[in-house]
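So the chains spell out like this:
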Amino acid sequence: MSEALAAVETAGTATSVPAVSGARQFWRRLRAQRAALVAAAVVALLVLVALAAPLLTALEGQDPTTYHPTLIDSARGGVPIGSFGGASADHWLGVEPQTGRDMFARLVYGARVSLGVALAATVVQVAIGVAAGVASALGNRWVDQLLSRATDIIVSMPLMIMSLALLAIVPSSFPRPVLVTLVIGLIAWGSIAKIVRAQTLSLKGLDYVSAARLSGWSTWRVARRELLPGLAAPVITYAALLVPTNISVEAALSFLGVGVKPPTPSWGQMLTAADVWYQAAPQYLLLPAGALFVTVLALTVLGDGVRTALDPRAASRLRVGTGRKDSTATGNAPGNATDGATRGAAGNATEKEASA
């Protein structure tokens, strides 16, 4: 409840029942979804692998940039020597065709780029979208019109085409992972701004927000203390669904040759070089494609689970449905039928006595 609303309300009952914290409710609802828990475990494992990439490659004794020309067959066009792409105790997932670079090292370092770019771009999108949406909803008519039209322009921009244009004109000396992060974040914030604006407009009419404004709080204080906590659930839900989208965008840009440049490893860049090796060295295509598939699927399932856990209507819908089902089953039970017949007989007897 708002501090301002609590201040203007009169003292009621002396005791109150403590409510379960929102974090505890969220965790309880999330634990009820096994698919979301499995997806969270997969995402946590991927993040751990990305963070521990230097340690894992040191344990293997390889790095993602060293060439091993003796491990490829030049007579066959650079196909790795040995089965499963040259997999061995020294190269756990084999080596790349033509270059002989270690596949495991490039895969785990590629996870750092793909996950890092996606998460950083999501943070940029959320920051700009929340600021624009709240400012549009709380500003005057001219501010609202200006920010709304700017948001419409951003939403109407095709992300891939604009990204291709911007990445093509920026000098190659600029760090590509940072550039891809900024391009995705600065172009794709329009949707979350629209969601935040609509949610803020609906929260403005609630009693606790009106009480805070009537008590003399500034617009910034009202937004920070009253509106932002109410916006947390939809923003977190949308951000969780943005991460897999941004991973796909980064992979697509790298696949088109305008994203992360060699020798920095990236899953999309690995797919770019693997499109001609799917017959001679299928693992070169399947490994980064499989990693992308598992990551996007896990993040999507986790995002849907977060959305369900943060939905305040989910538990109430469950209770209503259970109550209807129980009442129906209770009405059809034999014991209840007997009770109903007994009550009916008693009612008839009462009517007969009244008639007499």
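Reference entry: report on the structure contained in this document. Note that this is a predicted model, so its numbers are computed, not measured.

Our next topic: the overall build of the chain. Along its length, the chain carries 15 helices and two strands. A burial count over the chain gives 35% of its 356 residues as buried. Counting contacts in the chain only where the partners sit at least 6 residues apart, residues at least 24 apart contribute 72% of the total. For the chain, the accessible surface area stands at approximately 19700 Å², while carbon and sulfur atoms represent 66% of it.

Of note, Phe84 is a non-glycine position whose phi angle comes to about 55°, a positive value. Relative to the assigned elements, Phe84 resides in the loop between β2 (79-80) and α5 (103-138). You will see that Gln98, though not glycine, has its phi angle at about 70°, which is positive. The exposure class assigned to Gln98 is exposed, which follows from its relative accessible area of 52%.

So, about the nonpolar core. When a protein is soluble and globular, its nonpolar side chains tend to lie buried together. By size, the foremost hydrophobic cluster in this structure holds 26 residues, and its most contacted members are Ile247, Trp267, Tyr284 and Leu292. Mapped onto this core, the elements with two or more residues apiece are α3 (34-51), α5, α11 (219-255), α12 (267-274) and α13 (282-310). For this core, the element with the highest residue contribution is α13, accounting for seven residues. Of all hydrophobic cores here, the second largest spans 15 residues; its members include Ala212, Trp217, Val222 and Leu231.

With that settled, consider a nonpolar patch on the surface. A cluster of nonpolar residues, Phe174, Val178, Leu182 and Leu186, forms a patch on the protein surface that exposes about 320 Å² of accessible area. Its location among the elements puts Leu186 in helix α8 (residues 176-187).

With that settled, the discussion passes to the pattern of salt bridges. In this structure the tally under the stated criterion is six salt bridges. The salt bridge partner of Glu96 is Arg101, with a shortest N-O separation of 2.9 Å. With respect to class, Glu96 is no different from Arg101; both count as buried. In this structure, Asp152 engages Lys194 in a salt bridge whose closest nitrogen and oxygen atoms are separated by 2.6 Å. Residue Asp152 is found in helix α6 (residues 141-156), and its partner Lys194 is found in helix α9 (residues 190-204); the two are separated by 42 residues along the sequence. Residue class for Asp152 comes out partly exposed when judged on its relative accessible area of 28%. A single network of salt bridges, built from pairs that share partners, joins Glu96, Arg101 and Arg106.

A word on the packing of α5 against α12. Two elements in contact, α5 and α12, have axes separated by 8 Å at closest approach and are oriented at 130°. Relative to α12, the element α5 lies oblique. Across the interface between the two elements, Met103, Arg106, Leu107, Gly110, Ala111 and Ser114 of α5 pack against Trp267, Gln269 and Met270 of α12. Its residues assigned to classes, the contact of α5 with α12 shows five nonpolar, three polar and one charged.

On to the side chain of Arg176. The topology assignment puts Arg176 in helix α8. One buried charged residue, Arg176, remains without a salt bridge, the closest side chain of opposite sign being Glu250 at 11 Å. Beyond its immediate sequence surroundings of up to four residues, Arg176 is in contact with Leu167, Val170, Pro171, Val258, Gly259, Val260 and Lys261.

So, on to α9. In this model, α9 (15 residues) spans 21 Å end to end at C-alpha, consistent with the 21 Å of a helix rising 1.5 Å per residue. When we look at burial in α9, the residues that qualify are Gly190, Ile192, Ala193, Val196, Thr200 and Leu203. Buried residues in α9, looked at end-on, bunch into an arc of 150°, giving them a common side. Along its buried surface, α9 packs onto α5, α6, α10 (207-214) and α11.

What counts and how
- Residues numbered from 1 in each chain as written.
- Predicted model: local features only at pLDDT ≥ 70, side-chain atom pairs only at ≥ 80, totals over all residues.
- Heavy atoms only, no water.
- Helix = DSSP H or I, 4+ residues; strand = E, 2+ residues; numbered from the N terminus.
- Buried < 20%, exposed > 50% of the residue type's maximum accessible area, 1.4 Å probe, protein only.
- Contact = heavy atoms within 4.5 Å.
- Areas by Shrake-Rupley, 256 points an atom, 1.4 Å probe, with all protein chains shown as cover.
- Core = buried A, V, L, I, M, F, W, Y, C linked by side-chain atoms within 4.5 Å.
- Patch = residues over 30% accessible without salt bridge, like charges linked within 9 Å, V, L, I, M, F, W, Y side chains within 5 Å.
- Salt bridge = Lys/Arg side-chain N within 4 Å of Asp/Glu carboxyl O.
- Axes fitted to C-alpha atoms, helices over the stretch in contact; angles between N-to-C directions.
- Parallel < 35°, antiparallel > 145°, perpendicular 65-115°, else oblique.
- Nonpolar A, V, L, I, M, F, W, Y, C, P; charged D, E, K, R; others polar.
- Lys, Arg positive; Asp, Glu negative; His and termini not counted.
- Expected span 1.5 Å × (residues − 1).
- Arc of directions from axis to C-beta.

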